[in-house]
Amino acid sequence: QVQLAESGGGLVQAGSSLRLSCRASGSISGNPPMGWYRETPGKPREFVATISSTDNTNYASSAIGRFTISRDRAKNMVYLQMNSLKPEDTGVYYCNIALARTGFIWGPGTQVTVSS
């Protein structure tokens, strides 16, 4: 019953910026951790950034200094601001919410393509 929907992906040139958005709907109790992961063909889904129930953030090494995860609790949304994009950032970006009883729930993903 909890669903996530990502938006904001697109095709951009290296050095550009994108802001991904994820809206959570359904019955959500408390302020669960949320995060962003990405996937490229032939590789497993990898961690990009997370934000905890107390708004502590963690980032993959490749994201530090370029990406920022944030949330709007009132709107049940989480964002990923991506600056100085590189071709290696290309992939399908998935929003995630960690629910205590059911574990991870994923959105359908949004495609980010960065050209040279």
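The preceding data block contains the structure.
(A) Main features of the pairing of strand 11 (residues 110–115). Because side chains alternate across strand 11, one face comprises the buried residues Thr-110, Val-112 and Val-114, and the other comprises Gln-111, Thr-113 and Ser-115, none of which is buried. The sheet contact formed by strand 2 (residues 10–13) and strand 11 spans four bridges and is parallel. From the neighbouring strand, Val-12 faces strand 11, where its bridge partner is Val-114. Bridge analysis of strand 9 (residues 91–99) against strand 11 gives three bridges, and the strand direction is antiparallel. Across the sheet, Gly-91 pairs through a bridge with Val-112, a residue of strand 11.

(B) Local environment of the sheet that holds strand 3 (residues 18–25). Ordered in space as 1-3-8-7, the four strands form an open sheet in which the pairing is antiparallel. The open sheet has two free edges, formed respectively by strand 1 (3–7) and strand 7 (67–72), since each of these has just one partner strand. Between one strand and the next, the sheet's axes are offset by a mean angle of 15°, whatever the strand orientation. Taken together, the five bridges between strand 1 and strand 3 define a ladder with antiparallel strand orientation. Bridge pairing in strand 3 places Ser-7 opposite Ser-21.

(C) Here's a closer look at the nonpolar core. Met-34, Trp-36, Leu-80, Met-82 and Tyr-93 are the most contacted members of the largest nonpolar core, which has 25 residues in total. For this core, the elements supplying multiple residues, two or more each, are strand 3, strand 4 (34–39), strand 5 (46–51), strand 7, strand 8 (77–82), strand 9 and strand 11. Ignoring any residue separated from it by four or fewer positions in sequence, one finds Met-82 in contact with Ser-16, Ser-17, Leu-18, Leu-20, Arg-66, Phe-67, Tyr-93 and Val-112.

(D) Looking closely at the pattern of salt bridges. Summed over all chains, the structure comprises six salt bridges. Asp-89 is the salt-bridge partner of Arg-66, the closest N and O atoms lying 2.7 Å from each other. In this pair, Arg-66 sits in the loop between strand 6 (57–59) and strand 7 while Asp-89 sits in the loop between strand 8 and strand 9, placing the two residues 23 residues apart along the sequence. Arg-66 gets classed as buried once you look at its relative accessible area, which sits at 11%. The buried category is assigned to Asp-89, whose relative accessible area is 1%. Residues joined in a network through salt bridges with shared partners are Arg-38, Glu-46, Arg-66 and Asp-89.

The rules we used
Residues numbered from 1 in each chain as written. Predicted model: local features only at pLDDT ≥ 70, side-chain atom pairs only at ≥ 80, totals over all residues. Heavy atoms only, no water. Buried < 20%, exposed > 50% of the residue type's maximum accessible area, 1.4 Å probe, protein only. Helix = DSSP H or I, 4+ residues; strand = E, 2+ residues; numbered from the N terminus. Pairing = 2+ DSSP bridges. Axes fitted to C-alpha atoms, helices over the stretch in contact; angles between N-to-C directions. Core = buried A, V, L, I, M, F, W, Y, C linked by side-chain atoms within 4.5 Å. Contact = heavy atoms within 4.5 Å. Salt bridge = Lys/Arg side-chain N within 4 Å of Asp/Glu carboxyl O.

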